[in-house]
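Single-letter residue listing:
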Amino acid sequence: MRVDPLAFLSTELDHLRDQGLYRSLRILDSRQEASSTFDGKAVVNLSSNNYLGLTTHPKLVEAAIQAIRDFGVGSGSVRTIAGTMAIHMELEQRLAAFKKTEAVVVFQSGFAANAGTVSALLTKDDVVISDALNHASIIDGCRLSRAGIKVFPHKDVAAARTILQDLPTSQRKLLITDGVFSMDGDIGPLPGLCDLAEEFGCIMMVDDAHASGVFGANGRGTVDHFGMHGRVDIQVGTLSKAMGALGGYVAGSRDFIDFLYHRARPFLFSTSHPPSVAATCIAAVDVLEQEPEIIERLWENTRFFKAGLASLGFDTGLSESPITPVMAGEGSRAMDLSDRLFKEGVFAQGIAFPTVAKDKARVRTIVTATHTNDELQYALDAFKKVGSELGLI
Ligand SMILES: *Cc1c(COP(=O)(O)O)cnc(C)c1O
């Protein structure tokens, strides 16, 4: 009889169960909205990245349907063979104008954009200087490139400087940070890092996944927020969060984007977006340009909810964005908090190791522009009840 070579995995899963860290997926039974039905239960939804409510915006839905009627459901090829449709080029041009850069290339996801870009750009002779809390897709891109990886403590510009001082001047260097950190909601120190990049001749890269559609004028991102136009060589953004659809993009110089057309492996070896996705994203750019009041509403809701959590006495870390963590200590406590909130009708996902450090487990909340005050107050009341049950406040 054949011995199951994967039997060791059941032991691993049992181990997760013992630690209270085993998760089954929550199933969304409705549209992704401010209040949704997960696992058959109607809840206030504080777990999506749907910052502006664009997943269900009528203009985006119409654009997708029209594109399917006009162009079908699939692109049929990778970009470099037959899968570059006019609508893909139109989206890239719109994004480049929006980001005020020479050019943009769109990838299948933000993950593919980061991993594909970093791995294309660097070789084993180069070095990456990377914030300790940078996103997994950046880390994977660094590993794929085989470049040396030097990690500086979170947001510590002085420590990054010390690392740079010890590196040979001739070595090619990529200095990289998240614009907004996805688990803590704080902002990368762009002004300090741009100064360093200029002093030490580094390529400067920012991953603005959680800043796209949220920070800067009309949601142009952290480079706009800090007035750093022209000082960041590579900006990555996502089309999967505030933009409501799916995809990632890289904004930079025409030469850099041309280089990625030739060397970025997800671009060369994985099929391009269905035309409906490109059409949806063009409509999302329209909305950012024409309805910036949605972004204002997001920030009003953010201020209201953060103030509410703070006045209840929760530890909410150092967030400066609509992402607000509620710190719970060890992993099982965060999962318990999340489960109890869910029973009270509030979905805020528990996040534990390896996504965050072992003693920094939390539930992560993200408000959107489409939450009503009543929904947010309902969530605050649930946090108050469950937080005192668990001794967190
Ligand atoms: C979500 C995220 C990504 C990945 O974006 P997708 O479009 O979901 O693949 C990349 N970087 C950061 C910082 C993120 O938060």
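Asks: How should I be thinking about the packing of helix α3 (residues 86-99) against helix α11 (residues 275-290) in this particular structure?
Replies: The relative placement of two packed helices is expressed as an angle between their axes plus a distance between the axes. At their nearest, the axes of α3 and α11 sit 9 Å apart, and the two run at 25° to each other. Looking at the two axes, α3 sits roughly parallel to α11. Crossing angle aside, the handedness with which α3 passes α11 is left-handed. Note on element contacts: α11 touches α3 through P275, A278, A279, C281, I282, V285, D286, L288 and E289, opposite I87, H88, E90, L91, R94, L95 and F98. Here the residues of the contact of α3 with α11 sort into eleven nonpolar, one polar and four charged.

Asks: Explain the pattern of salt bridges to me, please; I cannot follow it from the model alone.
Replies: A side chain with one charge may pair with a side chain of the opposite charge, provided their charged atoms come close. One pass over the full model with this rule turns up 23 salt bridges. For R31, the salt bridge identified is with E33, shortest N-O distance 3.5 Å. Of the residues examined, R31 reaches a relative accessible area of 49% and is grouped as partly exposed. When salt bridges that share partners are traced, they join D336, R340, E344, K385 and E389 into one network.

Asks: I'm lost on unusual backbone geometry in this one. Help?
Replies: Trans is the prevailing form of peptide bonds, just as negative phi is the prevailing case for residues other than glycine. Here the residue pair F353 and P354 is connected by a cis peptide bond, since its omega of 10° sits within 30 degrees of zero. Relative to the elements of secondary structure, P354 occurs in the loop between β12 (350-351) and β13 (361-366). Phi is positive for K100, close to 60°, though the residue is something other than glycine. As for its placement among the helices and strands, K100 is situated in the loop between α3 and β3 (103-107). For K155, which is not glycine, the phi dihedral falls at a positive 65°. Positionally, K155 belongs in the loop between β5 (148-152) and α6 (157-165).

Asks: What am I meant to see in the sheet that holds β13 here?
Replies: In a beta sheet, neighbouring strands are held together by backbone hydrogen bonds and run either parallel or antiparallel to one another. Taken together, three strands build an open sheet; the order of strands is β10-β13-β12 and the sheet is antiparallel. Each having just a single partner strand, β10 (323-329) and β12 make up the two edges of the open sheet. In this sheet, β13 lies alongside β12 in antiparallel orientation, the contact comprising two bridges. Of the residues in β13, the one forming a bridge with G350 is V363. Each of β10 and β13 is contacted by helix α12 (residues 293-312), which is oriented at about 20° to β10, the strand it contacts most.

Asks: Is there a simple way to think about the site of the ligand in this case?
Replies: Taken together, 15 residues lie near the ligand, and G110, D207, T238, S240 and K241 sit nearest. In the model, a nitrogen atom of the ligand is placed 3.4 Å from a nitrogen or oxygen of the H135 side chain. Residue H210 places a side-chain N or O atom 3.1 Å away from an oxygen atom belonging to the ligand. Protein chains bury 87% of the 380 Å² of accessible surface belonging to the ligand in isolation. Sort the elements by how many residues they give to the shell around the ligand and helix α4 (residues 110-121) lands first, with three residues. Classifying every residue of the shell around the ligand by side-chain character gives two nonpolar, ten polar and three charged.

Asks: Where do I start with the pairing of strand β4 (residues 127-131) in this structure?
Replies: Of all five residues in β4, five are buried; the element is thus mostly enclosed. Alternating positions in β4 separate into two faces, V127, I129 and D131 on one and V128 and S130 on the other, with burial throughout. Across five bridges, the pairing between β4 and β5 is parallel. Counted as the bridge partner of S130 is V151 from β5. What joins β4 to β5 is helix α5 (residues 136-145), and the crossover it makes is right-handed. The pairing of β4 with strand β6 (residues 173-178) spans four bridges and is classified as parallel. Note that in β6 the partner of S130 across the bridge is I176.

Parameters at a glance
- Residues numbered from 1 in each chain as written.
- Predicted model: local features only at pLDDT ≥ 70, side-chain atom pairs only at ≥ 80, totals over all residues.
- Heavy atoms only, no water.
- Axes fitted to C-alpha atoms, helices over the stretch in contact; angles between N-to-C directions.
- Helix = DSSP H or I, 4+ residues; strand = E, 2+ residues; numbered from the N terminus.
- Parallel < 35°, antiparallel > 145°, perpendicular 65-115°, else oblique.
- Left-handed = near helix turned anticlockwise from the far one by under 90°.
- Contact = heavy atoms within 4.5 Å.
- Nonpolar A, V, L, I, M, F, W, Y, C, P; charged D, E, K, R; others polar.
- Salt bridge = Lys/Arg side-chain N within 4 Å of Asp/Glu carboxyl O.
- Buried < 20%, exposed > 50% of the residue type's maximum accessible area, 1.4 Å probe, protein only.
- Pairing = 2+ DSSP bridges.
- Near = heavy atom within 4 Å.
- Polar contact = N/O pair within 3.5 Å; in protein donor to acceptor, adjacent residues only side chain to side chain.
- Areas by Shrake-Rupley, 256 points an atom, 1.4 Å probe, with all protein chains shown as cover.
- Right-handed = clockwise from strand over helix to strand, strands pointing away.

Read these as spatial facts, not as claims about activity.
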